[in-house]
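Now for the letters of each chain:
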Amino acid sequence: PESRKAKFWRTFLRSRLVRYRKMFMPEKSELSPDCVFPSSFFSMDWFNKQVGSFDKPTRAFGIEIASLYLKEWISRQTFGFRALKPLLFSRHQDVRKFILRAIKNPASEHEYIDITHADFKPEELYEFCLDSNSLIRVTGMEIIQQYPERFGQPDKLIMLASSDDASVRALVVRTIWDLVFISDVTYDWQPTAESVLPQAAKAGAKGYINPIEQLPPSKDAPQVKGVKYLGKGTSQQRTLKLESYTELEDFVRRQLFRLPPNRAGESNAELRARKESGMPPLSPGRIPSWQDKKRLMRIIRDMSIKDKNLATQMVPLFKEFLLFKGKFLKHEALTALVRIEKAHDISIFS
């Protein structure tokens, strides 16, 4: 337990910090300069020492001060994924939860960690995905999937194709798919209540069904009566920025014959470890090999439609698949060649 003396001095320090007084003690009068405790005393090094302690009150005080100055500390130094890693995967759950909050849902602008900043380099994030710890690997892939335009550019992401973890290799395919997929529906399309849920009853009247522009909740969530979930519509078109083509072609050739028969979801032990560490689970379940192969074929098709230089390298590969006996491969290859020919006005079948 926290000693009375430690509790007194921590309370005193808080009350002498200008930012703390503005945020949590606005009714108090302004301090004279001589009574203000300098915020420069606190730093990232100080915070690391506090949250590394086995004493819970010490960690709690470090987290409380960090909620006031974390963004400021990070701006003073080069802070990327390597510096973030020991905090994000700390042995202490309260530290992990605070760092996750600072990344995903900061309580204030002062504790925000912007992982899309230039200091957070894709190469350092990919080290997460090659780590021996399965929790760190899955978290790395999770970040890539959340920010595909920043960390999921295909010619960079294929660095992970060398991973011994079949799940990482399969997730590479799924991440690229989310980035390059050409939707059959117009980008930025939004459903309207009038088209999805036409009804005579007026708002507030008996029998009126309330339309909500959200995705339906999971099956396990409590069911709400009198509500219709319209969905969020389609996303914006994402930007494809390719710099290398040879490695990408090699990746596709190897992956089509290397994807696991079943991409296993997280084991029960891994799910428990993520829950205890305050991390959300990745979608569990098994994904058949043919689904990932089908997705990969369509990825290359849509990338080739968007990028003519890539198309010229992939056309021979698609033609090669026309010689295969598998009905699925032949169908996907033929569809890809027809769409590429139309997109770039080039002669493929003559």
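This one's a predicted model, so the numbers in the text were calculated from it and none came from an experiment.

1. Details of the packing of aromatic side chains
Aromatic ring pairs: the centre-centre distance and the angle between the two ring planes describe each pair. Taken as a whole, this structure holds 20 aromatic pairs when the rule is applied. Taken together, a centroid distance of 5.2 Å and an interplanar angle of 85° make the contact between Phe-41 and Phe-42 edge-to-face. For Phe-42, a relative accessible area of 0% gives the class buried. Members of the aromatic cluster, each reached through a chain of ring pairs, are Phe-37, Phe-41, Phe-42, Trp-46, Phe-47, Phe-61, Tyr-69, Trp-73 and Phe-98.

2. Observations concerning the nonpolar core
Counting residues in hydrophobic clusters, the biggest one holds 75 residues, and the most contacted among them are Phe-47, Trp-73, Leu-84 and Ile-113. Considering each element in turn, this core owes the most residues, nine residues, to helix α4 (residues 56-75). In contact with Ile-113, not counting residues within four places along its chain, are Leu-70, Ile-74, Leu-84, Ile-99, Ala-102, Ile-103 and Phe-120.

3. Digging into the confidence of the model for the chain
The predicted model of the chain has a mean per-residue pLDDT of 80, with 79% of residues at 70 or higher. Under a pLDDT of 50 for its full length, residues 280-288 has, in the predicted model, 27 contacts with residues more than four places off or in other chains.

4. A closer look at the pattern of salt bridges
Inspection of every chain in the model, using the stated rule, returns 11 salt bridges. In this structure, the salt-bridge partner of Lys-104 is Glu-142, at a minimum N-O distance of 3.9 Å. Placement of the pair is Lys-104 in helix α6 (residues 93-104) and Glu-142 in helix α8 (residues 134-146), with a sequence separation of 38 residues. Residue classification places Glu-142 among the buried residues on the basis of a relative accessible area of 9%. Asp-302 is paired through a salt bridge with Arg-301; the nearest N and O atoms lie 2.9 Å apart. Note on Asp-302: relative accessible area 0%, which makes it buried. Overlapping salt bridges bring together Arg-19, Glu-72 and Arg-76 as one network.

5. Considering the packing of helix α5 (residues 81-88) against helix α7 (residues 122-129)
Contact pair α5 / α7: the axes reach a minimum separation of 9 Å and the direction vectors enclose 35°. Together, Phe-81, Arg-82, Lys-85 and Leu-88 of α5 and Glu-124, Leu-125, Glu-127 and Phe-128 of α7 make up the contact between the two elements. Among the residues making up the contact of α5 with α7, the classes are represented as four nonpolar, no polar and four charged.

6. What to know about the environment of Gln-153
With respect to the helices, strands and loops of the structure, Gln-153 is situated in the loop between α9 (148-151) and α10 (154-157). A sequence separation of 31 residues divides Gln-153 from Pro-122, and the C-alpha atoms of the two residues are 9.5 Å apart.

7. Thoughts on helix α16 (residues 308-321)
Counted at 1.5 Å a residue, the expected span for α16 with its 14 residues is 20 Å, and the 20 Å between its end C-alpha atoms agrees. Within α16, the axis deviates most sharply at Met-314, by approximately 35°, and proline Pro-316 lies no more than four positions further along. Buried residues of α16: Leu-310, Ala-311, Met-314, Val-315, Leu-317, Phe-318 and Phe-321, and no others. Sitting at the head of α16, Asp-307 places a side-chain oxygen 3.0 Å from the backbone nitrogen of Asn-309.

Analysis parameters
Residues numbered from 1 in each chain as written. Predicted model: local features only at pLDDT ≥ 70, side-chain atom pairs only at ≥ 80, totals over all residues. Heavy atoms only, no water. Phe/Tyr/Trp six-rings, centres within 6.5 Å; stacked < 30°, edge-to-face > 60°. Buried < 20%, exposed > 50% of the residue type's maximum accessible area, 1.4 Å probe, protein only. Core = buried A, V, L, I, M, F, W, Y, C linked by side-chain atoms within 4.5 Å. Helix = DSSP H or I, 4+ residues; strand = E, 2+ residues; numbered from the N terminus. Contact = heavy atoms within 4.5 Å. pLDDT = per-residue confidence, 0-100. Salt bridge = Lys/Arg side-chain N within 4 Å of Asp/Glu carboxyl O. Axes fitted to C-alpha atoms, helices over the stretch in contact; angles between N-to-C directions. Nonpolar A, V, L, I, M, F, W, Y, C, P; charged D, E, K, R; others polar. Expected span 1.5 Å × (residues − 1). Bend = angle between axes of the 7 residues up to and from the residue. Polar contact = N/O pair within 3.5 Å; in protein donor to acceptor, adjacent residues only side chain to side chain.

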